[in-house]
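# Structure at a glance
Residue strings, one per chain:
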Amino acid sequence: MELASEEFFMGEALRQARKASLAGEVPVGAVIVREGKIIARAWNQVELLKDATAHAEMLAITQAEAEVGDWRLTDCDLYVTKEPCPMCAGALVHARLRRVIFGCGDSRGGAAGGLLNLLQMPELNHRCEITPGVLSESCAAILKDFFVARRKA
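Notes on the structure follow. (Residues numbered from 1 in each chain as written. Predicted model: local features only at pLDDT ≥ 70, side-chain atom pairs only at ≥ 80, totals over all residues. Heavy atoms only, no water.)

With that settled, the discussion passes to the nonpolar core. Counting residues in each nonpolar core, the largest one holds 42 residues, and the members touching the most others are Ile32, Ile61, Leu78, Leu97 and Leu119. Elements with a minimum of two residues in this core: helix 1 (3-22), strand 1 (29-34), strand 2 (37-43), helix 3 (56-68), strand 3 (76-82), helix 4 (86-94), strand 4 (99-104) and helix 5 (136-152). Take this core: its biggest share by element is five residues, from helix 1. Every residue in contact with Leu119, bar those within four places of it in the chain, is listed here: Ala89, Leu92, Val93, Val100, Ala111, Ala112, His126, Arg127, Cys128 and Ile130. (Core = buried A, V, L, I, M, F, W, Y, C linked by side-chain atoms within 4.5 Å. Buried < 20%, exposed > 50% of the residue type's maximum accessible area, 1.4 Å probe, protein only. Helix = DSSP H or I, 4+ residues; strand = E, 2+ residues; numbered from the N terminus. Contact = heavy atoms within 4.5 Å.)

Let's shift gears to the packing of aromatic side chains. The full count for this structure, using the stated rule, is three aromatic pairs. For the pair Phe146 and Phe147, a centre-to-centre distance of 5.1 Å together with 85° between the ring planes defines the contact as edge-to-face. Three or more aromatic residues link up through ring pairs in this structure, and these residues are Phe8, Phe9 and Tyr79. (Phe/Tyr/Trp six-rings, centres within 6.5 Å; stacked < 30°, edge-to-face > 60°.)

In this structure, the largest pocket encloses a volume near 240 Å³. The wall of the largest pocket is formed by 13 residues, among which Val26, Val28, Asn44, Val46 and His55 lie closest to the centre. (1 Å grid on protein atoms, 1.4 Å probe; cavity = no way out; pocket = protein on both sides within 12 Å on 5 of 7 lines; lining within 4 Å. Points joined across faces, edges and corners; volume = space filled by probe spheres on them.)

Moving on: the pattern of salt bridges. The tally for this structure, following the rule as stated, stands at nine salt bridges. Where Arg99 meets Glu6, a salt bridge forms, and the shortest distance between an N and an O atom there is 2.6 Å. Note that Arg99 is positioned in strand 4 and Glu6 in helix 1, a separation of 93 residues in sequence. Comparing Arg99 with Glu6 shows no difference in burial state: the two are buried. (Salt bridge = Lys/Arg side-chain N within 4 Å of Asp/Glu carboxyl O.)

The five strands are arranged 2-1-3-4-5 in an open sheet whose pairing can be described as mixed. With one partner strand each, in any of the chains shown, strand 2 and strand 5 (129-131) form the two edges of the open sheet. Each strand axis lies, on average, 20° off the axis of its neighbour in the sheet, ignoring direction. (Pairing = 2+ DSSP bridges. Axes fitted to C-alpha atoms, helices over the stretch in contact; angles between N-to-C directions.)

Counting along an α-helix, one turn takes 3.6 residues, and residues three or four places apart therefore face a common direction. Restricting attention to buried positions, one finds in helix 4 the residues Cys88, Ala89, Gly90, Ala91, Leu92 and Val93. Next to the buried residues of helix 4 lie helix 3, strand 3 and strand 4. Looking one or two residues beyond helix 4, the residue adopting positive phi is Arg96, at roughly 60°.

As structure tokens, then:
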């Protein structure tokens, strides 16, 4: 896919992350793309929904499955502002997403190569293609700004 397209879709994920930040949630946003069109948009809603599984990726997967009418998302790509955690990476593998494109990495908890790589484990029945670093500075900045403000509060 062209870099301009990748940046466009990551920009849409960043819009979702801003919604999370405004709601007091960790600012992570995600979109799922199928055939060049966004079919799901989500942002972290853990605090709002009082649900530890309400990460942007998980909510986007559920929306995309409803849109496609199947739990298999083999022709879909996920754009997410931060490297997925192990829970989300496991769900991405199970939903069989084709690609995972993320902004900033997470060396302490990322499961797309940061801490470990669940998305490409040979022992699992599916592997996702990974593209890291799209708009990484913008994706990292929104997280940094959020946590700096939280520490001051």
